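So you can see what is in the structure, the chains are spelled out below.
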Amino acid sequence: MAELKRKQYNKELSKNVFENQLVTRENSGLSYIELRLLTIESGGVYEESLTDLEVCAVVLTGKATITEGQHCFNNIGTRDDVFEKIPTDSVYVSAGKTYQVTTETEARILLCYAPSTLDLPTQLIAAADNTVEKRGIYQNKRMVHNIMDDQSTVSDKLIVVEVFTDSGNWSSYPPHKHDQDNLPVESFLEETYYHEMNPRQGFVFQRVYTDDRSLDETMAVENGDVVIVPKGYHPVSVPDGYDGYYLNIMAGPTKKWKFHNDPDHEWILSRT
Ligand SMILES: O=C(O)C[C@@H](O)[C@H](O)C(=O)CO
C-alpha cells in the first residue's frame, strides 16, 4: 500500500505557481480522489484542462480569480488564515472543461478532484452557502464547514468539508469508517485529509485502522501534511495548546456519506 502520509513541498510549476501537494490515482492507489495544493503568488496563472475529473477549487487563504469559459469569479476568498474559522469561497468545474486561477496577492488553493462523466454547470460555492455545524460534547467538540456535503447538487461525486478541532479535542471520533459499498447500511467513500495546525509547529495524531488490523497506522501529522484514508476508521486527536484544521475530500461510487462507528467505541456517543 502507498504511504498514507504525505509531507508538503514547494515545486515551481510555472512563474509564481508552486505545487505543495499532489495526490493522484497513480501515486496513491486511490480510485476516486485526487488533490493538488497550490501556492500562487501575485501574477501567477494556473491553467488546467480537465479530462475525466471534476474539480472543486477551494480558496484556502488569500484571494483568487477563477475563470471557466464565460464564468469569471473575481477576487474570491475570505480569509488570510484558515484559523480565522470563517467559511471561504470555492468554485466547481465539471470534467472536460478548462479553467484558470490567477491571483493579485498570494493565495493557497486546494484543488479537490473526483472522476466524473457528467457535464454540470460551473458554479461559485460562496462562503455564505457553506453550512456550519457544531458537533460533539466533552473533548469531542469540532466545527464543520460543509462546502459540498452528500446532499449537494453542485457536484457529481465530490464531497468537500472543512473541520476545526480545538485544542485537546478529538474529531472523526468516535472512530468511524465508510469502506463498504452496501447502502443503506454503509457507503464506500475514499477520503483524504489536508491538515494545518495553529500554532504552525503543532502536530496531531491520526490513526487509520481496519477491524482485522491488517491496516493499522498511527501517524504524527504536521502542518501541511496530507493523510490518505483508502479504508478503515480514521480518528484524529489534537494535543493541548494547539488547534487543528483539516479539509476532507470524500468520493466513491455513490455520493452518500453513510458511516459505521467502531462498535468498541460507539458508547462515547451515548454520554449525556
Ligand atoms: O469529526 C467530524 O465530524 C468530521 C469527520 O466526520 C470527517 O469529516 C470524516 O471523517 C468524514 O468521514
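Model, not experiment: these values are computed from the prediction.

Parameters at a glance
Residues numbered from 1 in each chain as written. Predicted model: local features only at pLDDT ≥ 70, side-chain atom pairs only at ≥ 80, totals over all residues. Heavy atoms only, no water. Helix = DSSP H or I, 4+ residues; strand = E, 2+ residues; numbered from the N terminus. Rg over C-alpha atoms; globule rule 2.2 N^0.38 Å. Buried < 20%, exposed > 50% of the residue type's maximum accessible area, 1.4 Å probe, protein only. Contact = heavy atoms within 4.5 Å. Areas by Shrake-Rupley, 256 points an atom, 1.4 Å probe, with all protein chains shown as cover. Lys, Arg positive; Asp, Glu negative; His and termini not counted. Charge placed at Lys NZ, Arg CZ, Asp CG, Glu CD. Polar contact = N/O pair within 3.5 Å; in protein donor to acceptor, adjacent residues only side chain to side chain. Phe/Tyr/Trp six-rings, centres within 6.5 Å; stacked < 30°, edge-to-face > 60°. Salt bridge = Lys/Arg side-chain N within 4 Å of Asp/Glu carboxyl O. Near = heavy atom within 4 Å. Pairing = 2+ DSSP bridges. Axes fitted to C-alpha atoms, helices over the stretch in contact; angles between N-to-C directions. Core = buried A, V, L, I, M, F, W, Y, C linked by side-chain atoms within 4.5 Å. pLDDT = per-residue confidence, 0-100.

**A closer look at the overall build of the chain**
Next up, step 1: From N to C terminus, the chain includes one helix and 26 strands.
Next up, step 2: For a compact globule of 272 residues, the expected C-alpha radius of gyration is about 19 Å, and the chain comes in at 18 Å, within 12% of that figure.
Next up, step 3: Structurally, the chain occupies a C-alpha span of about 50 × 40 × 35 Å along its principal axes.
Next up, step 4: A buried classification covers 57% of the 272 residues belonging to the chain.
Next up, step 5: Excluding contacts between residues fewer than 6 apart, the proportion of contacts in the chain whose partners are at least 24 apart in sequence is 71%.
Next up, step 6: Surface exposure of the chain reaches about 11,500 Å², of which carbon and sulfur atoms provide 49%.
Next up, step 7: Between the mean site of the 26 positive side-chain charges and the mean site of the 42 negative ones, the chain shows a separation of 3 Å.

**Some remarks on the side chain of arginine 36**
Next up, step 1: Positionally, arginine 36 belongs in strand β4 (residues 34-40).
Next up, step 2: A distance of 2.9 Å separates a polar atom in the side chain of arginine 36 from a polar atom in the side chain of glutamate 19.
Next up, step 3: Here the side chain of arginine 36 touches tyrosine 46 through a polar contact of 2.8 Å, side chain to side chain.
Next up, step 4: Setting aside chain neighbours within four positions, we find arginine 36 in contact with Leu13, Glu19, Gln21, Leu22, Tyr46, Ile109, Leu110, Leu111 and Tyr113.

**Quick look at the packing of aromatic side chains**
Next up, step 1: Taken as a whole, this structure holds nine aromatic pairs when the rule is applied.
Next up, step 2: Relative to tyrosine 246, the ring of tyrosine 193 lies with its centre 4.5 Å away and its plane at 55°, an arrangement referred to as tilted. In this pair, tyrosine 193 sits in strand β20 (residues 190-198) while tyrosine 246 sits in strand β25 (residues 243-251), placing the two residues 53 residues apart along the sequence. For the pair tyrosine 193 and tyrosine 246, a shared accessibility class is recorded, and that class is buried.
Next up, step 3: Grouping aromatic residues by their ring pairs yields a cluster made of Phe83, Phe164 and Tyr245.

**Digging into the pattern of salt bridges**
Next up, step 1: A complete count under the given rule lists 17 salt bridges for this structure.
Next up, step 2: In this structure, arginine 135 engages glutamate 133 in a salt bridge whose closest nitrogen and oxygen atoms are separated by 3.0 Å.
Next up, step 3: Take arginine 135: its relative accessible area is 22%, and that puts it in the partly exposed class.
Next up, step 4: Judged by relative accessible area, which is 29%, glutamate 133 ranks as partly exposed.
Next up, step 5: With a closest N to O distance of 3.6 Å, arginine 200 and glutamate 196 form a salt bridge.

**As for the site of the ligand**
Next up, step 1: The immediate surroundings of the ligand are formed by 15 residues, with Arg135, Arg142, Ser172, His178 and Asn248 found nearest.
Next up, step 2: A distance of 2.7 Å separates an oxygen atom of the ligand from a polar side-chain atom of arginine 142.
Next up, step 3: One nitrogen or oxygen atom from the side chain of glutamate 191 is found 3.0 Å from an oxygen atom belonging to the ligand.
Next up, step 4: If the ligand stood free it would expose 320 Å²; the protein chains cover 98% of that surface.
Next up, step 5: Elements supplying a minimum of two residues to the shell around the ligand: β15 (159-165), β20 and β25.
Next up, step 6: Per-element tally for the shell around the ligand: the top contributor is β25, with three residues.

**Considering the sheet that holds strand β21 (residues 203-209)**
As a general point, the strands of a sheet are linked pairwise by backbone hydrogen bonds and lie either parallel or antiparallel.
Next up, step 1: Taking strand neighbours across the sheet as the criterion, the four strands line up as β16-β24-β21-β22 in an open arrangement whose pairing is antiparallel. Only two strands of the sheet have a single partner each, and these edge strands are β16 (170-171) and β22 (216-222).
Next up, step 2: Where β21 lies against strand β24 (residues 236-237), two bridges are found, and the strand directions are antiparallel. Pairing of phenylalanine 205 across the sheet is with serine 237, part of β24.

**Concerning the sheet that holds strand β3 (residues 17-23)**
Next up, step 1: In spatial order, the strands read β2-β3-β4-β11-β6-β9-β12; together these seven strands make up an open sheet with antiparallel pairing. The open sheet is flanked by β2 (11-14) and β12 (123-125), the only strands paired with a single partner. Each strand of the sheet is rotated relative to its neighbour by a mean of 30°, with strand direction disregarded.
Next up, step 2: Alignment of strand β9 (residues 90-93) against β12, held across three bridges, turns out to be antiparallel.

**What about the nonpolar core?**
Next up, step 1: Counting 49 residues, the largest nonpolar core has Cys56, Leu60, Cys112, Met148, Val160 and Leu247 as the members making the most contacts within it.
Next up, step 2: When near neighbours in sequence (up to four residues on either side) are disregarded, leucine 60 contacts Leu37, Arg79, Val82, Arg108, Leu110, Glu162, Tyr194, Glu196, Tyr245 and Leu247.
Next up, step 3: Residues Phe73, Ala107, Leu111 and Tyr113 belong to the second largest nonpolar core, which totals 21 residues.

**Here we look at the confidence of the model for the chain**
Next up, step 1: When pLDDT is averaged across the chain, the result is 98; 100% of the residues are at 70 or more.
Next up, step 2: When pLDDT is averaged over each element of the chain, β25 comes out on top at 99 and helix α1 (residues 25-28) at the bottom at 97.
Next up, step 3: Overall fold confidence for the complex sits at a pTM of 0.97, while the interface term, ipTM, reaches 0.97.

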